[in-house]
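Examining the three-dimensional arrangement
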Protein chains: 2
Amino acid sequence: MSARSVAQSRRPPRPQVVLEEFLPYRLNVLATLVSNALARIYEERFGLTIPGWRIIATLGQYEGRTARDIAAHSVMHKSTVSRALSALEERGLVERKPNPEDMREELLTLTEAGRAVYEALAPEALAFEERTLSVLTPAEQRTFFDLVLRLDAQARRLAGAKVREV
Amino acid sequence: MSARSVAQSRRPPRPQVVLEEFLPYRLNVLATLVSNALARIYEERFGLTIPGWRIIATLGQYEGRTARDIAAHSVMHKSTVSRALSALEERGLVERKPNPEDMREELLTLTEAGRAVYEALAPEALAFEERTLSVLTPAEQRTFFDLVLRLDAQARRLAGAKVREV
DNA sequence: GCAAAGCAGTTGCCAATGCAACCAATTCTG
DNA sequence: CAGAATTGGTTGCATTGGCAACTGCTTTGC
């Protein structure tokens, strides 16, 4: 063993991953921060969970999707979606209609009450987003979304066939 | 009630939040995708959980931090950190030394075995990051990190005094 | 200098989540 | 067209994670 490798064997801490610049870490921290803050809004004001809000938001935008669509699009486990749906149906916010073309799946829509929740919640969500994004210029915001979109596509590609687009 | 408002009361679906462009949603989806893919690596190969990996990575970079530091920096709940630390200590990857200056806290360091894990894992983590980021040019990567950093700062600001920097 | 308030870390408890097994409907294949 | 494989959705089970109460130490303010 050379002198150098002996010296190395004392293993001076030499960081290989600088967390502050490590993509998965940074992304997760940011997503958690933003998500927690937003969750507080729809939890306190509407008693919605994160999966519940996501389902309402998806159906607010696209009527007649299936549970599977929602799960794939928002990268939630199908059991999570299933349970959140039961809760929303219980509260009368979501309706399920069997799809005559394929009796395995159910087409989901917001009820009147569900849409009312959506329409009350949406502006608050947008205001929150606005507040967060206000530190970026409009051009930077566009750039950011473009980059996020491309990373998303790449991440789904790397994840292989497991995660699919809606 | 005017004819118009009657017509409106049929509530045609008019999306207010376009999920594909909604920051919290996009961020969470991307973070989940990236996180899951990375988690597979250190789970399968080293039996580490996400909190466990984060602790190892933090201590790999900064020796002698406390549990509190790690929790704040990575936005994990202190109980999560506490339990993950017990597991890592059990496996002989992390050591706790009481801080003589403040007997409440414990200074954490990697053991030899812990550092070995770190040094085996770090290159794989970096390679994974590299693969994901490869769809962006170096300039875009720098831009992206800059934007994420500023959003992070803003999110912590908005979250109020609750979430603090290390 | 002592009581009160604050803080680091742990733990019991409960809700949420993931996994895997399962059911029912559909599609594929020979 | 029958049986096998696949798919949408549900559910039981075990694990994880958050919350809040608690311990023991430290700081603050009379």
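Below is a summary of the structure that appears in this document. (Residues numbered from 1 in each chain as written. Chains lettered and ligands numbered in written order. Predicted model: local features only at pLDDT ≥ 70, side-chain atom pairs only at ≥ 80, totals over all residues.)

In the region of DNA strand C, 20 residues are neighbours, and His-77 and Met-103 of chain A together with Arg-68, Ser-79 and Ser-82 of chain B sit closest. Elements supplying a minimum of two residues to the surface near DNA strand C: α3 (50–61), α5 (78–90) and β2 (102–110) of chain A together with α4 (67–74), α5 (78–90) and β2 (102–110) of chain B. Sorting elements by how many residues they give to the surface near DNA strand C places α5 of chain B first, with five residues. Considered class by class, the residues forming the surface near DNA strand C number five nonpolar, seven polar and eight charged. (Near = placed C-beta within 6 Å. Helix = DSSP H or I, 4+ residues; strand = E, 2+ residues; numbered from the N terminus. Nonpolar A, V, L, I, M, F, W, Y, C, P; charged D, E, K, R; others polar.)

All names here are of chain A. Direction of pairing for strand β1 (residues 94–99) relative to β2: antiparallel, over a ladder of six bridges. From the neighbouring strand, Arg-96 faces β2, where its bridge partner is Leu-108. Where β1 folds back on β2, the antiparallel hairpin that results is connected by two residues. (Pairing = 2+ DSSP bridges.)

All names here are of chain B. Between its first and last C-alpha atoms helix α6 (residues 112–133) spans 31 Å; for 22 residues at 1.5 Å apiece the expected length is 32 Å, and the two agree. When the local axis directions of α6 are compared, the greatest deviation, roughly 25 degrees, occurs at Leu-121, which is followed within four positions by the proline Pro-123. Gly-114, Val-117, Tyr-118, Leu-121, Ala-125 and Thr-132 are the residues of α6 that are buried. (Expected span 1.5 Å × (residues − 1). Bend = angle between axes of the 7 residues up to and from the residue. Buried ≥ 20, exposed ≤ 12 C-beta atoms within 10 Å, placed from the backbone.)

For the pair chain B and chain A, the best superposition has an RMSD of 0.0 Å and corresponds to a rotation of 180 degrees with a translation of 0.0 Å parallel to the axis. The two molecules are tied by a two-fold rotation axis, judged by turn and shift. (Least-squares fit on C-alpha atoms with pLDDT ≥ 70 in both.)

Lining the immediate surroundings of DNA strand D are 21 residues, of which Arg-68, Ser-79, Ser-82 and Glu-105 of chain A together with Met-103 of chain B lie closest. Ranked by residues supplied to the surface near DNA strand D, first place goes to α5 of chain A with five residues. Across the surface near DNA strand D, the residue classes tally to six nonpolar, seven polar and eight charged.

Below, the discussion takes up the interface of chain B and chain A. Listed per partner, the contact involves 57 residues of chain B and 57 residues of chain A. Secondary structure elements with two or more residues in the side of chain B that touches chain A: α2 (23–46), α3 (50–61), α6 and α7 (138–158) of chain B. Sorting elements by how many residues they give to the side of chain B that touches chain A places α2 of chain B first, with 14 residues. (Contact = placed C-beta atoms within 7 Å.)

Moving on: the environment of Leu-136 of chain A. Note on placement: Leu-136 of chain A falls in the loop between α6 (112–133) and α7 (138–158). Leu-136 of chain A sits 45 residues away from Arg-91 of chain A along the chain, and the two C-alpha atoms are 39 Å apart. In this view, Leu-136 of chain A contacts Gln-141 and Phe-144 of chain A together with Leu-147 and Arg-150 of chain B; residues no more than four positions away in its chain are not counted.

All we've got here are geometric facts, nothing functional implied.
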